[in-house]
There are 2 protein chains.
Amino acid sequence: MQYEAGNYDVIVIGAGHAGAEAGLAAARQGAKTLVLTINLDMVAFMPCNPSIGGPAKGIVVREIDALGGEMGKNIDKTYIQMRMLNTGKGPAVRALRAQADKFAYQHEMKKTLENEPNLTLVQGMVESLIIEDDTCKGVITKTGAMYYSKTVIITTGTFLRGEIILGELKYSSGPNNQQPSIKLSEHLEELGFELVRFKTGTPPRVNGNTIDYSKTEIQPGDENPRAFSYETTKYITDQLPCWLTYTNEFTHQIIDANLHRSPMYSGMIKATGARYCPSIEDKVVRFKDKPRHQIFLEPEGRNTEEVYVQGLSTSLPEDIQHQLIRTVPGLEQAQMMRPGYAIEYDAIVPNQLWPTLETKKIKNLYTAGQINGTSGYEEAAGQGLMAGINAGRRALGKDEIILSRSDAYIGVLIDDLVTKGTNEPYRLLTSRAEYRLLLRHDNADMRLTEIGHKIGLISEERYQKFLAKKEKIEAERERLQSIIIKPKQEVQELIKSLGGSELKDGIKASDLLKRPEMSYAHIAQIIPSEVELDDEVIEQVEIQIKYEGYIEKSLQQVERLKKMENKKIPIDIDYDAINGLATEARQKLKTVHPLSIAQASRISGVNPADISILLVYLEQGKIARVSNE
Amino acid sequence: MQYEAGNYDVIVIGAGHAGAEAGLAAARQGAKTLVLTINLDMVAFMPCNPSIGGPAKGIVVREIDALGGEMGKNIDKTYIQMRMLNTGKGPAVRALRAQADKFAYQHEMKKTLENEPNLTLVQGMVESLIIEDDTCKGVITKTGAMYYSKTVIITTGTFLRGEIILGELKYSSGPNNQQPSIKLSEHLEELGFELVRFKTGTPPRVNGNTIDYSKTEIQPGDENPRAFSYETTKYITDQLPCWLTYTNEFTHQIIDANLHRSPMYSGMIKATGARYCPSIEDKVVRFKDKPRHQIFLEPEGRNTEEVYVQGLSTSLPEDIQHQLIRTVPGLEQAQMMRPGYAIEYDAIVPNQLWPTLETKKIKNLYTAGQINGTSGYEEAAGQGLMAGINAGRRALGKDEIILSRSDAYIGVLIDDLVTKGTNEPYRLLTSRAEYRLLLRHDNADMRLTEIGHKIGLISEERYQKFLAKKEKIEAERERLQSIIIKPKQEVQELIKSLGGSELKDGIKASDLLKRPEMSYAHIAQIIPSEVELDDEVIEQVEIQIKYEGYIEKSLQQVERLKKMENKKIPIDIDYDAINGLATEARQKLKTVHPLSIAQASRISGVNPADISILLVYLEQGKIARVSNE
Ligand SMILES: Cc1cc2nc3c(=O)[nH]c(=O)nc-3n(C[C@H](O)[C@H](O)[C@H](O)COP(=O)(O)OP(=O)(O)OC[C@H]3O[C@@H](n4cnc5c(N)ncnc54)[C@H](O)[C@@H]3O)c2cc1C
Ligand SMILES: Cc1cc2nc3c(=O)[nH]c(=O)nc-3n(C[C@H](O)[C@H](O)[C@H](O)COP(=O)(O)OP(=O)(O)OC[C@H]3O[C@@H](n4cnc5c(N)ncnc54)[C@H](O)[C@@H]3O)c2cc1C
C-alpha cells in the first residue's frame, strides 16, 4: 500500500560516495534534502580498495574540498596512511593518496549525514520515480512510501540489476552481497533510458596474521603530515604501513591453465570492464611477456586483520584464487578470508545527460556516480557533488553551475561523460586533461574556492582565510618580481654551492628562482620576506614563478577555449535545418546536444568542417528550433 | 564446480553470537577450527536491541565468562553504559546489563576471531552438509568449497529461509536485509530434521538529533565501575545515558485502528513469536487496560545518531510506524531512520538434540543458538559455547561436558530445550530455574571456573587467582563462624544505631551478620580481618552467610536431583519392551531419549507413575535395547 511520506526539495537515491556528497551539497545550500539508501549500515561503503586519492583522483578530492564537499575531510579523519605520490616529478602529476580505515570512513560519513541540519537520512529501496509530464516529482519505495520533491538524484552505483560472478557461479546481488536494485533498473528502462551493462571486480582479502611480511617490501606513510582538506588542522600520526610483493611465473601459469574457467574468457561475462582496473587474468593475458605484476598488501582498517590484495582483482573460481594467492611471496601460507569477484550492473549511457548531470529525457532528474558509467570513489564523489549542487540550485530556483575543462578535473570528467558517452567504465586519468599544469593538486583552492563560496558551500570564515592566502601569494610574487638581486659575493657563493652559474649582472629575484637549482628557500635566504609565509603560500609562489612560462601558455589555450565556450548553442536548435553537416555529425549533435561550440568540437565524429558550418550558421543569427511538442 | 578446500577438526557455520563462541571454544581447546559466515562485515551483529545482559541473560554472560567464553570480555571492551539491575532486591535476581556500541562490538569480536591461533574465519555460504553413514563429515559452500571436518556446528540464527515482513510487504531475506540461507534449510529438511517456523521482530530506529529528550527521563549508567568478565580490569568511564518515555492512548488508538493491516493479525504471519518479546501491537491487544507501555531510547553506538526505540517492536506497515512514533512524548518530531520489521525463519525442534547439542539423527553434527528455537544473544552465546566445547572435545577424542540445571542457567536452558522442545521462541527467565538462589550473578566463577579450567578454556594464571579467591572466602567464613562477639558497649551501640535489638549474650560473628540490619562492613568494624579482602570476596562471604539457610535448602534439593541424575538411562533402551508405561509417556521417552531419570521426569507427559515403572525396570538390571540396525 502506498502512502505519502513527505515533501522535499531534493531527494538523493543512494548514500554511496556520490550520494553522500550530493545529499550534503544540496542540504548545505539550504535545500530540504532526503537521502534514501538500501542499507544504513553501508553508507559510504568501499566495496573495493580501501583507499582514496592517487593520480588525478587525489586532485578530484582536493577539488571536492575546495568546492565545500566532504570526501577530503572524511578521509582526513579516518586514514591509516597518507602519501604524496610523484614528489620527484613536476607539480602537475603530484597527488595525495590515503589508505582508509574503511569502517571508520563509513561511520564518520554516516554521522556527518545524520548531523546535517537540512538532511534526512532514511533506509529505503526506491523502486520507481514519480513522473508527470516528463518531469520527475519524487520517488516510491518498496514499502510504499511516496516521497515528493522538486528534484531527484540517482546515485545507485553498481546496484542496478547487479549480478555477482565468481568462476562458474553467478547470482543476483549488489556489491558485497547486498540487496540488488532490480525494479528501479526496469523502471529506468521503461522510461526510455538507454542502459549499458558494465562490470568491475575486486580481489580477495587475506588474514594479515598469515602473511609473511619479511618476504615483502614495506611501504610506509609519509613522515610529513599531509591532508586532503584545506580545513584540516589535526593530523593522524599513528600510521600503518602497506607492503609490496609481486606475482611470478607460477601465478601466471595457474591463470593460463585455468582461463577456460574464467567467466571473462568463458563468455559468461559479457559486460564491459574497466580498461584501467584490469583483473589479474586480464593483465596476464594482455601483457604476456611481463614476468611479474605488483601486488600491494593494504590493511582494511585499524581494527581488523583483513588485508586487501591490490593487484589481484579476479573473477576466477574460488579454488583457483586459493592457488593464485599461494604463489605470491609472503602469501604462501595466507588464509583467504573472502574471494575476489566480479559484478555486472546497469549503467546509464551518460550522453543522455546535460553537463549539470540532469537527464535530458526527464526534467529535474539527475544521475551521478557509477550509474553514469564511471568507476572509482572519487569520480563518483565529484559527480555527486556537482549533481547535488545543481539539483539543489534548481530546487531553490537558482541558475546552474558547470565546471569547465580548465576549471577542474571534475569538469573534464563530466564533460567527457556527457559529450563522448563511454563504452567502458570510465576512469579519470591525468592524460584526459589538456590543461594538466593548471589542474594541480596544490592549487585546487585557487581554482575553485570562489565558486564554492558563491554557491554557499564554503563558509565566510574559510573564504576570508582563502582571500588572505591569495593576497599573500600575490604580494610575494610581486615582491620577487620587483627586487633585483645584485651579484654580491654571498649570492654568488650560494649559487656556486648549488652548482649554478654565477650572476653576470643584477637579476630579478623571480628570474633567479626560475633557475632549476634554486628554490624559494634559497631566494628567501638572500632577501627574506618581512611577513611570515606559511608553506602553502610558499608552494604557490614557487610553482607559479618556476612554471610561469608553461602556465602562461596553458592559460592562452584556455582563453581560446573560453571563446569557444562562450559561443553558446541553444538546446533546442534544429540540426536538421542546417545544410552541409555530415550525416554522422548531425546525428551525434542531435544526441549530445552540446551547449557550446567548444563542447560540439569535442564530440567524436563531429569534424572541424562541421564546426565551421555550425559557427557560420550560429553567426547568421536566424536559428531554427525544434518545436517543444 | 566442487573442490577440496581443507580439513578441520571442527567447522562452525555462522559467526553470530552462537558461532563466535563456538568457534573460539573449539579453537582454544586445541581443535583446528573453521568458522564460515555469510558476510564477514556482520560478525557478532546485533540485529535487535543494542544491549547485553539483563535478568537471567546477564547471569548467562557471567557463566560464559567463568567457562572461558568471550561475550563478557567483548562487551566489557565496547559498552557505552553499564548498570546493575535489581540492586535493591536479593542476590538471586541481581543482574548486569550493558548498552553496547553495536559496531564496536562487532569489530572487536571479529578481530578476536581473526587473531585466534587455531581458528580460520572465512566468508562462505554453506549450502549442504557432507553426510556418510548418518555421520557428518563436512560442509559444501555455494562456491563449491568442500571442507572436511570431524564435527560440524550449525549456528545459523534467523537466516534459514528467512523472510522479512513489514505491513503488507513480505520478502525473502536474512536479518537486516542480509542474504537468507535457503539451500541449507532445504537440506536439513531432506535429512529428515523436523523444522518449525518461528518469528521475531525489531522496532524502528530514529535519529537522536530529532528527539526532544526534555520530555523523557534520563537513565544514566552506574557510577561504580562494573564488568561482566572476571578478567576485566579496565573500565570504560565515559558512559552515555538512555532515556525513558511511554506510549499513550493515542499510540494505542492508532494500533487498534490499524490491526487489520498488521501481518500478525491479518494472518500473513503464521509463525510463532516470542511470548516474552512481544510487539507493541501484541502488548496493546493483550493488555487492553494498560494505559501505557515503557519505551526506552537507547543509542546504537558512540559514533552514530541512530537510536533504538526499545518497546516499539512492530511489523505494522511503515506509514503506521511513522504515526506511532509521533504519538510518543519526546518523539513528536522524530525522524524514523529505519522501520521495524518481523522476520520468519526455520528452527530445529530442539528435542532432536542430545544435551551436548549434538543432533540425534546425524552423528558429529551440532546445532546452537537461535536455530534451536531460542531467542536472544546470550541464549545463543551460551549454547554456542557448549556446542563448541563438546564438538571440540569429540573431535579431540575427549568425553562430553553437560551442565546440569543446578550448575548454571546455561544448563537450565539446554535441558529445557532438549527435554521439552519448544513451540515458541524460547527465552531464558529467572523463573525457569528451580535453583535460582544458587545460580547467581555473583557466584558464576564459583560454580564454573573449575570446569572451564578442566577443559582448557581458563588459563592457569586465572585459575590460580580463582583458587586464591575461594580460599580467602572460606577462611573468612570460618573466621566469622569461629569468633564470638561479646555484648560489649561499643557493639551494643553499633547495633542500636542500626536499629537492631541488643545482644543478650555472646553471638557468633556469622550469626550476627545474618541479622538483616547488619552488613559485612559492620562486622568488620567490630572484628577487622587481618588480611585485606577485596569486594568480590566480601560479597561472597556476606551472601553465603546471610542466605545460608536458603542456600542449604537448595543444596539439599540439588543433592536429590543429583541422585536422580546419576540414575542413567542407556540411550538405546527399548521403551517398547517396558510394560505398563502410559502410551504418551512411551512416545515422549522415545522422542526425547532422556539420559537420566532426572531428565525423564521433566518431560511433560511423563508422569510419576511412569518414572516409578522406569526406575523399577532399570533396577532389575536386564535392559532391552533397540538394535542399531
Ligand atoms: C566489486 C567492486 C569492485 C570495484 N572495483 C573498483 C576498482 O577496481 N577501481 C575503482 O576505481 N572502482 C571500483 N569499484 C567502484 C567503486 O566502488 C564505485 O565506483 C563507487 O563506490 C561508486 O560510488 P557510487 O556512489 O556511484 O555508488 P555506491 O558507492 O555503490 O553507492 C550506491 C548507493 O546507492 C544505494 N542504492 C542503490 N540502489 C538503490 C535504490 N533502489 N534505492 C535506494 N538506494 C539505492 C546503495 O544502497 C548505495 O548506498 C568497484 C566496485 C565494486 C562493487
Ligand atoms: C529482527 C530481529 C529481531 C530480534 N529481536 C529479538 C528480541 O527482541 N529479543 C531477543 O532476545 N532476541 C531478538 N533477536 C534474536 C537475536 O538476534 C538472536 O537470538 C541472536 O542473534 C541469535 O544468535 P545466533 O548466533 O543464533 O544467530 P545470528 O546472530 O543470527 O548469527 C547467525 C550467523 O549464521 C550465519 N549463517 C547463516 N546461514 C549460514 C550459512 N548457510 N552459511 C554460513 N553462515 C551462515 C550468518 O552469517 C550469521 O553469522 C532478534 C533477531 C532479529 C533478526
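Here is a short report on the structure shown in this document. Predicted model, so just to flag it, every value in this text is computed and none were measured.

Calculation notes
- Residues numbered from 1 in each chain as written.
- Chains lettered and ligands numbered in written order.
- Predicted model: local features only at pLDDT ≥ 70, side-chain atom pairs only at ≥ 80, totals over all residues.
- Heavy atoms only, no water.
- Near = heavy atom within 4 Å.
- Polar contact = N/O pair within 3.5 Å; in protein donor to acceptor, adjacent residues only side chain to side chain.
- Areas by Shrake-Rupley, 256 points an atom, 1.4 Å probe, with all protein chains shown as cover.
- Helix = DSSP H or I, 4+ residues; strand = E, 2+ residues; numbered from the N terminus.
- Contact = heavy atoms within 4.5 Å.
- Buried area = accessible area lost by both parts, 1.4 Å probe.
- Salt bridge = Lys/Arg side-chain N within 4 Å of Asp/Glu carboxyl O.
- Pairing = 2+ DSSP bridges.
- Axes fitted to C-alpha atoms, helices over the stretch in contact; angles between N-to-C directions.
- Parallel < 35°, antiparallel > 145°, perpendicular 65-115°, else oblique.
- Left-handed = near helix turned anticlockwise from the far one by under 90°.
- Nonpolar A, V, L, I, M, F, W, Y, C, P; charged D, E, K, R; others polar.
- Buried < 20%, exposed > 50% of the residue type's maximum accessible area, 1.4 Å probe, protein only.

Quick word on the site of ligand 1
Residues and elements named next belong to chain A. Around ligand 1 there are 35 residues in total, and Ala18, Val126, Ser181, Gln370 and Gly376 lie nearest to it. Within the backbone of Ile38, an N or O atom sits 3.2 Å from an oxygen atom of ligand 1. Here a nitrogen atom of ligand 1 sits 2.9 Å away from a polar atom, N or O, in the main chain of Val126. In isolation ligand 1 offers 980 Å² of accessible surface; the protein chains occlude 96% of this area. Elements with a minimum of two residues in the shell around ligand 1: α1 (17-28), β2 (33-37), β12 (195-202), β20 (341-348) and α10 (377-395). The dominant element in the shell around ligand 1, judged by the number of residues it contributes, is β12, at three residues.

Topic: the interface of chain A and chain B
Every contact between the two is made by 46 residues of chain A and, on the other side, 47 residues of chain B. For the pairing of chain A and chain B, the buried interface totals around 4200 Å² over both sides, and the portion due to carbon and sulfur atoms is 44%. Among the residues chain A hides against chain B, the three largest losses belong to Glu114(A), Asn303(A) and Met337(A). Together they make up 14% of the total. In this assembly, chain A and chain B are joined by four salt bridges.

Some points on the environment of Ala92(A)
Residues and elements named next belong to chain A. By the element assignment, Ala92 lies in the loop between β4 (79-85) and β5 (95-100). Spatially, the C-alpha atom of Ala92 lies 5.1 Å from that of Arg440, the residues being 348 residues apart in sequence. Setting aside residues no more than four positions away along its own chain, Ala92 makes contact with Ile59, Arg436, Leu437 and Arg440.

Some points on the sheet that holds β5(A)
Whenever strands of a sheet pair, they do so through backbone hydrogen bonds, lying parallel or antiparallel. Residues and elements named next belong to chain A. Across the sheet, which stays open at both edges, the three strands sit in the order β3-β5-β4 with antiparallel pairing between neighbours. Here the strands that pair on one side only, and so sit at the sheet edges, are β3 (51-53) and β4. In this sheet, neighbouring strand axes are inclined to one another by 15 degrees on average, regardless of whether the strands run parallel or antiparallel. For β3 and β5, the ladder comprises three bridges, and the chain directions are antiparallel. Looking at β5, one finds that Ser51 is bridged to Gln99.

Description of the site of ligand 2
Residues and elements named next belong to chain B. Taken together, 35 residues form the shell around ligand 2, and within it Ala18, Val126, Ser181, Gln370 and Gly376 come nearest. Here an oxygen atom of ligand 2 sits 3.2 Å away from a polar atom, N or O, in the side chain of Lys57. With respect to ligand 2, the side chain of Thr200 contributes an N or O atom lying 3.2 Å from a nitrogen atom. Here ligand 2 loses 96% of its free accessible area of 980 Å² to cover by the protein chains.

Details of the packing of α1(A) against helix α4 (residues 102-114) of chain A
Residues and elements named next belong to chain A. Between α1 and α4, whose axes approach to 10 Å, the crossing angle comes to 25 degrees. The angle between α1 and α4 places the two elements in the roughly parallel class. Our pair here, α1 against α4, has a crossing hand that is left-handed. In contact with His17, Ala20, Glu21, Leu24 and Arg28 of α1, α4 contributes Tyr105, Met109, Thr112 and Leu113. When the residues that make up the contact of α1 with α4 are grouped by side-chain class, the tally is five nonpolar, two polar and two charged.

Points about the pattern of salt bridges
All names here are of chain B. Counted under the stated rule, the structure contains 105 salt bridges over all chains. A salt bridge links Glu300 to Arg205; the shortest N-O distance between them is 3.3 Å. Of this pair, Glu300 sits in the loop between β17 (294-299) and β18 (306-310) while Arg205 sits in strand β13 (residues 205-207), and the two are 95 residues apart along the sequence. Judged on exposure class, the residue Glu300 and its partner Arg205 are both buried. Linking Lys514 and Glu548 is a salt bridge whose minimum nitrogen-to-oxygen distance equals 2.6 Å. Here Glu548 lies in helix α17 (residues 548-566) and Lys514 lies in helix α14 (residues 509-514), a separation of 34 residues in the sequence.

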